[in-house]
Amino acid sequence: TQKHTRYRIGVSQCSDDEWRHKMNNEIVREALFYDGVEVEIRTAKDNNRNQIADIKYFIDKKVDLLIVAPNEAAAITPVVEKAYRQGIPVVVIDRKILSDKYTAFVGADNYEIGKDVGQYILNRLHGKGKVLEITGLEGSTPAMERHKGLTDVLKEEPGIEITASVDGAWLQSVAGEKMDSVFQTNKNIDLVFAQNDRMAIGAYLSARQQQLEKEMLFVGIDALPGKEYGVEQIINGVLDATFIYPTGGDKVVQVAMDILEKRPYERDTKLSTALVDKTNARVMQLQTDHITEQDGKIERLNNQVNEYLSRYSAQTMFLYACLII
Ligand code: FRU
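Residues numbered from 1 in each chain as written. Predicted model: local features only at pLDDT ≥ 70, side-chain atom pairs only at ≥ 80, totals over all residues. Heavy atoms only, no water.

### Brief notes about the site of the ligand
Residues in contact with the ligand amount to 13 residues; listed here are only the nearest, Asp 17, Arg 20, Asp 94, Arg 95 and Asp 222. In the environment of the ligand, an oxygen atom lies 3.2 Å from a nitrogen or oxygen atom belonging to the side chain of Arg 146. Side-chain polar atom of Arg 198 to an oxygen atom of the ligand: 2.9 Å apart, as the coordinates give it. Breaking the shell around the ligand down by element, the ones donating at least two residues are helix H1 (18-31) and helix H5 (141-154). A per-class count over the shell around the ligand returns four nonpolar, two polar and seven charged. (Near = heavy atom within 4 Å. Polar contact = N/O pair within 3.5 Å; in protein donor to acceptor, adjacent residues only side chain to side chain. Helix = DSSP H or I, 4+ residues; strand = E, 2+ residues; numbered from the N terminus. Nonpolar A, V, L, I, M, F, W, Y, C, P; charged D, E, K, R; others polar.)

Structure, rendered in structure tokens:
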């Protein structure tokens, strides 16, 4: 059966990685709970120009609502403002724009996360040591805010020195290369803080090549469940700690639907974070495995319902045909 479409939602993702995939799955799954909602997702692959084109595509398509995770704030702000000015409600997620021309924001507080990381480092190094920071893409707001949070905590601490802060562009390969060149001049590092787990793993692999991986600790952000992602790397002893950066795709769709159906909604929905280290990684893994299993069941149930409906409509058609004859 072709359900009639009531709302078309365009999703413009800045990147295409495991964190985005998790969020996209949550968005699509949550949308199944609303009748007649069509979701189209585009990914810009960390490229501002791609993302501007994606958003223009959604504007031309006259979507009923736009969800956007802006790659770099300054570059993406004008096209988001354009959508908003044309009357398309805009839900900004995870990364921010440099303007208040949007309808709602859903995401974690990256400044707070940066401060939490700073506090963790302070305790973990007992107030003394050398830290290397690998940031995300320079122009993306989580990179700026995580850095600011970290430095605001650590600048008060004379024993802790941030020896360098290099741009890893949110990517494992870039972080690895940056780490290789840091090691050429500086091997005296107690802790590497990478602004996501992927980059932390890239840094770890670079250190391992130099047989330095046991000399320093690696801390990341995201704490994704799943094979070889953050939580598992804590259990494996690759990462020392990571912080949950919630994807919250289900929440994003709930806010979008509140806006579309003219219910009251929060302009700012704050998703929360938490520390994951070896004391709780196993518990988290058990729980997320269970959730993943349940999610799979919801999807299977949905497929069964669709199959049933299409069989039912085929039968009805047949019945009509018989009646007409
Ligand atoms: C995923 C990602 C995460 C990071 C977030 C910041 O695309 O790179 O790893 O925490 O974006 O916006």
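After that view of the structure, there is still more to cover.
### Details of the nonpolar core
With 44 residues, the main nonpolar core has Ile 9 and Ile 67 as its most contacted residues. Sort the elements by how many residues they give to this core and helix H9 (residues 249-260) lands first, with seven residues. Setting aside residues up to four positions removed in sequence, Ile 67 forms contacts with Ile 9, Gly 10, Val 11, Ser 12, Val 91, Ile 93, Val 252 and Ala 256. Formed by 31 residues, the second largest nonpolar core is a distinct cluster that contains Ala 194, Tyr 204, Ala 207 and Phe 218. (Core = buried A, V, L, I, M, F, W, Y, C linked by side-chain atoms within 4.5 Å. Buried < 20%, exposed > 50% of the residue type's maximum accessible area, 1.4 Å probe, protein only. Contact = heavy atoms within 4.5 Å.)

### Quick look at H9
Spanning twelve residues, H9 covers 17 Å between terminal C-alpha atoms, matching the ideal 16 Å at 1.5 Å per step. One or two positions beyond H9, positive phi appears at Lys 262, with a value near 60°. (Expected span 1.5 Å × (residues − 1).)

### Notes on the packing of helix H4 (residues 110-124) against H5
Two quantities define a packed helix pair, namely the angle between the axes and the distance from one axis to the other. In the contact formed by H4 and H5, the axes pass within 7 Å of each other and the chain directions differ by 40°. It follows from the interaxial angle that H4 and H5 lie oblique. When you trace H4 past H5, the crossing you get is right-handed. Residue-level contacts link Asn 110, Tyr 111, Gly 114, Lys 115, Val 117, Gly 118, Gln 119, Ile 121 and Leu 122 of H4 to Pro 142, Glu 145, Arg 146, Lys 148, Gly 149, Leu 150, Asp 152, Val 153 and Leu 154 of H5. Its residues assigned to classes, the contact of H4 with H5 shows eight nonpolar, five polar and five charged. (Axes fitted to C-alpha atoms, helices over the stretch in contact; angles between N-to-C directions. Parallel < 35°, antiparallel > 145°, perpendicular 65-115°, else oblique. Left-handed = near helix turned anticlockwise from the far one by under 90°.)

### Section: unusual backbone geometry
For His 126, which is not glycine, the phi torsion reads 50° and is therefore positive. One can find His 126 in the loop between H4 and strand E6 (129-135). According to the relative accessible area criterion, His 126 is exposed, its value standing at 71%. The phi angle at Asp 222 is positive, at roughly 125°, despite the residue not being glycine. Within the secondary structure, Asp 222 sits in the loop between strand E9 (217-219) and helix H8 (230-235). Its relative accessible area of 9% is what places Asp 222 among the buried residues.

### A few points about the environment of Ile 88
Position of Ile 88 among the secondary structure elements: in the loop between helix H3 (73-85) and strand E4 (90-93). In this structure Ile 88 comes out as buried when scored by relative accessible area, which is 7%. The spacing of Ile 88 and Gly 149 is 61 residues in sequence and 33 Å in space, taken between C-alpha atoms. Each residue touching Ile 88, except ones within four places of it in the same chain, is listed here: Ile 59, Val 63, Asp 64, Leu 65, Leu 66 and Ala 83.

### Description of the sheet that holds strand E11 (residues 268-271)
Sheets are built from strands paired through backbone hydrogen bonds, the pairs being either parallel or antiparallel. Overall, parallel pairing links the six strands, which are arranged E2-E1-E3-E4-E5-E11 in an open sheet. In this open sheet, the two edge strands, each paired with only one partner strand, are strand E2 (37-43) and E11. For this sheet, the mean inter-axis angle between neighbouring strands, taken without regard to orientation, is 15°. Summarising the sheet, E4 and strand E5 (residues 104-108) pair through three bridges and their orientation is parallel. Along E5, the bridge assignment pairs Val 91 with Ala 104. (Pairing = 2+ DSSP bridges.)

### Quick word on the pattern of salt bridges
Under the defined criterion, the tally for this structure stands at 24 salt bridges. Across the salt bridge formed by Arg 20 and Asp 94, the nearest N and O atoms sit 2.7 Å from each other. Pair noted here: Arg 20 is in helix H1 and Asp 94 is in the loop between E4 and E5, with a separation of 74 residues, a long-range link. One exposure class covers both Arg 20 and Asp 94, and it is buried. With a closest N to O distance of 2.9 Å, Arg 29 and Glu 299 form a salt bridge. (Salt bridge = Lys/Arg side-chain N within 4 Å of Asp/Glu carboxyl O.)

Note that all results are geometric; they support no functional claim without further evidence.
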